[in-house]
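What the coordinates show
One letter stands for each residue in the lines below.
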Amino acid sequence: MKKVYFFIFLILIAVFLNSKIGWEAKRYFLKDFSKDDFSLEKENLILKAQISQFEILKPFLNKNLDYKVGFIYSRYPFNFKNELLVNLGEKDGIQPDSAVVIPSSSTPQSFILVGKIKDVYENFSTIQTLFDSNFKLTVQIANSEEALLVGGPLPKIILIPIKNKINTGDVVFSKDSTLPYGLIIGGIKKIQNVSNSLFLEAEIELPYDLSQINAVAILKK
Amino acid sequence: MKLKKNNLILISLILLLVYFIQLKILTLFNFSPNFFLASLIVFVFFASNYLEILFLAFFSSFLINWKPHLSIEIMLFFLIPQLIYFILKFFKLENWLTLLICLISANLLFYAVVNYHFFANYLNYIIYDILISTLWGILVYLIFKEEKLL
């Protein structure tokens with residue numbers, strides 16, 4: 001009986017010493033993805049990654065404006081500011097104060113403003129979002145006159161002339177000299193009267209969840 | 001009230017956890033009290049020597065490094081624990097009232113240095129932030145002091 005075991009042991013040694021048979025046997029036992037299997041697996045992974053990237057980028061396609069699409073790396077981790085880090089920088093031709101947008105799902109060919117480029121570095125840039133308390137932008141509410149958008153945890157529109165007829169749900173869009181005209185910002189949520197003032201204030205509802213944004217388009221200046 | 005040996009790992013893990021909790025709350029509510037800073041200040045009170053403070057300062061700076069570039073927040077997170085440590089050593093004050101003052105003044109310093117616009121437009125948010133993070137800090141302090149976890 002011992003001879004049988006010894007014989008089996010010798011066969012196993014021989015099999016593992018022979019590079020080809022040994023490798024195949026080892027691969028079978030260890031479920032090792034080598035050679036063809038591994039390259040197929042690798043290719044499959046790369047294709048899956050490309051498909052998921054394409055799914056993110058798909059909404060940005062077929063838009064008329066000149067832009068670059070970038071992925072969000074990280075988010076400012078405190079309350080003091082509201083900034084995002086994007087993987088496009090100086091070498092991609094990004095300039096400060098460029099508009100950062102996402103595509104509108106309801107109206108094709110239009111963009112929704114997320115923020116603007118604050119600092120540009122060689123390979124990345126920071127985006128100042130509408131939720132940053134330093135963010136300010138001239139806007140227009142439907143057909144009324146200009147007003148001022150003030151960013152912060154709850155972005156609001158101030159200095160709305162009291163003579164203007166604005167309603168809840170009116171669309172707010174950009175009318176600032178530094179950004180392209182007509183970028184959608186959101187809709188009026190609640191209108192407030194400011195006592196002893198010739199102006200109104202309004203809360204704004206933004207049509208996106210900032211934490212769900214993975215990619216943005218940066219419009220070229 | 002001093003750190004036992006090898007507790008730096010425990011503190012680092014707690015800080016990491018608190019940082020993730022803060023990030024999650026920020027993602028969900030778009031605003032979150034500064035639990036991380038409060039916890040860091042509390043742990044300064046339990047540290048026994050300067051090297052531990054230096055480690056915590058480096059570790060917290062490493063954690064909050066959200067972009068590959070030096071920022072004022074990183075410098076503040078590096079300097080504040082050391083500043084509090086030397087104040088505590090100099091004045092020989094290590095009680096809950098000192099902790100309260102440290103928590104409030106550190107938060108105020110952050111808002112003043114990083115984004116003073118908050119004082120004009122969102123003062124109520126600063127008050128909420130300071131109130132909740134201070135309560136969090138005192139809670140952590142009491143848990144670690146009473147339970148003698150460190």
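Residues numbered from 1 in each chain as written. Chains lettered and ligands numbered in written order. Predicted model: local features only at pLDDT ≥ 70, side-chain atom pairs only at ≥ 80, totals over all residues. Heavy atoms only, no water.

On to the packing of helix α1 (residues 8-29) of chain B against helix α3 (residues 50-63) of chain B. Residues and elements named next belong to chain B. It is the contact of α1 with α3, at a shortest axis distance of 11 Å, that shows an interaxial angle of 30 degrees. In terms of orientation, α1 lies roughly parallel with respect to α3. Relative to α3, α1 is oriented so that their crossing is right-handed. Between α1 and α3, the residues in contact are L8, I11, S12, L15, L16 and Y19 and E52, F55, L56, F59 and L63, respectively. Taken together, the residues of the contact of α1 with α3 break down into nine nonpolar, one polar and one charged. (Axes fitted to C-alpha atoms, helices over the stretch in contact; angles between N-to-C directions. Helix = DSSP H or I, 4+ residues; strand = E, 2+ residues; numbered from the N terminus. Parallel < 35°, antiparallel > 145°, perpendicular 65-115°, else oblique. Left-handed = near helix turned anticlockwise from the far one by under 90°. Contact = heavy atoms within 4.5 Å. Nonpolar A, V, L, I, M, F, W, Y, C, P; charged D, E, K, R; others polar.)

To continue, consider helix α5 (residues 96-114) of chain B. Residue and element names in this part refer to chain B. Helix length check: α5 (19 residues) gives 27 Å between terminal C-alpha atoms against 27 Å at 1.5 Å per residue, within 8%. Of all the positions in α5, only T98, L99, C102, L103, A106, N107, F110, Y111 and V114 are classed as buried. On its buried face, α5 sits against α2 (35-46), α4 (72-91), α6 (117-121) and α7 (123-146). (Expected span 1.5 Å × (residues − 1). Buried < 20%, exposed > 50% of the residue type's maximum accessible area, 1.4 Å probe, protein only.)

What follows covers the pattern of salt bridges. If charged atoms from side chains of opposite charge come close, those side chains can pair. What the rule picks out here adds up to three salt bridges over all chains. In this structure, the salt-bridge partner of K81(A) is E73(B), at a minimum N-O distance of 3.2 Å. Placement of the pair is K81(A) in the loop between β1 (67-75) and β2 (83-86) and E73(B) in helix α4, with the two residues belonging to separate chains. Both residues of the pair, K81(A) and E73(B), belong to the buried class. When the shortest N-O distance is used, the salt bridge between K175(A) and E146(A) registers 3.6 Å. Residue K175(A) is located in the loop between β9 (171-174) and β10 (184-193), and its partner E146(A) is located in strand β7 (residues 146-150); the two are separated by 29 residues in the primary sequence. (Salt bridge = Lys/Arg side-chain N within 4 Å of Asp/Glu carboxyl O.)

Once that is clear, we can look at the domain arrangement of chain A. Residues and elements named next belong to chain A. Partitioning chain A into domains gives domain 1 (2-57), domain 2 (63-131 + 210-219) and domain 3 (136-205). Inter-centroid distance (C-alpha atoms) of domain 2 to domain 3 is 22 Å. Taken together, the contacts link 13 residues of domain 2 with 13 residues of domain 3. Counting the surface lost from both domain 2 and domain 3, the interface buries some 1000 Å², and carbon and sulfur atoms represent 70% of this. Its largest share of buried area at the contact with domain 3, domain 2 owes to L113, L130 and F131, together 48% of the area lost on that side. The tally of links between domain 2 and domain 3 comes to zero salt bridges. Counting the contacts that link domain 2 with domain 3 gives three residue pairs in polar contact (both at pLDDT 80 or more). Mapped onto the side of domain 2 that touches domain 3, the elements with two or more residues apiece are β3 (99-103) and β4 (111-120). By residue number, the principal contributor to the side of domain 2 that touches domain 3 is β4, which donates four residues. Its residues placed into classes, the side of domain 2 that touches domain 3 shows eight nonpolar, three polar and two charged. (Domains from an automatic or database assignment. Buried area = accessible area lost by both parts, 1.4 Å probe. Polar contact = N/O pair within 3.5 Å; in protein donor to acceptor, adjacent residues only side chain to side chain.)

Looking now at the interface of chain A and chain B. Between chain A and chain B, the contact holds 28 residues from the first and 27 residues from the second. Three residues stand out in chain A for area buried against chain B, namely F78(A), N79(A) and F80(A), and they jointly supply 32% of the buried area on that side. Where chain A packs against chain B, one counts one salt bridge. Sorting the residues of the side of chain A that touches chain B by element identifies β1 and β2 of chain A as the ones contributing at least two each. At three residues, β2(A) tops the list of elements feeding residues into the side of chain A that touches chain B. Counted by class, the side of chain A that touches chain B contains 13 nonpolar, nine polar and six charged residues.

Taken as a whole and assessed by the stated rule, the structure comprises two cavities of 30 Å³ or more. In this model, the largest cavity occupies a volume close to 70 Å³. Contributing to the lining of the largest cavity are R75(A), Y76(A), F78(A), N79(A), K81(A), N82(A), F131(A), P153(A), L26(B), N30(B), F31(B) and F118(B). Taken together, the residues of the lining of the largest cavity sort by class into seven nonpolar, three polar and two charged. (1 Å grid on protein atoms, 1.4 Å probe; cavity = no way out; pocket = protein on both sides within 12 Å on 5 of 7 lines; lining within 4 Å. Points joined across faces, edges and corners; volume = space filled by probe spheres on them.)

Residues and elements named next belong to chain A. With five of five residues buried, β3 lies mostly within the body of the structure. On β3, burial covers both faces: A99, V101 and P103 on one face and V100 and I102 on the other are all buried. Bridge analysis of β3 against strand β12 (residues 215-219) gives two bridges, and the strand direction is antiparallel. Following the sheet pairing, V100 is matched in β12 by I218. (Pairing = 2+ DSSP bridges.)

Before going further, it helps to examine the packing of aromatic side chains. All told, the structure shown has 27 aromatic pairs over all chains when counted by the stated rule. When the ring of F78(A) is compared with that of F77(B), the centres are 5.3 Å apart and the planes differ by 20 degrees; the resulting orientation is stacked. Note that F78(A) is positioned in the loop between β1 and β2 and F77(B) in helix α4, a pairing that runs across two chains. Here F78(A) and F77(B) have matching classes, each one buried. A ring pair is formed by F80(A) and Y111(B), whose centres lie 4.7 Å apart and whose planes are at 80 degrees; its orientation type is edge-to-face. Pair noted here: F80(A) is in the loop between β1 and β2 and Y111(B) is in helix α5, and the two residues belong to different chains. Of the two residues examined, F80(A) and Y111(B), each falls in the buried class. Sitting above the plane of the F135(A) ring, K116(A) keeps its charged end 5.4 Å from the centroid. (Phe/Tyr/Trp six-rings, centres within 6.5 Å; stacked < 30°, edge-to-face > 60°. Lys NZ or Arg CZ within 6 Å of the ring centre and 35° of its normal.)

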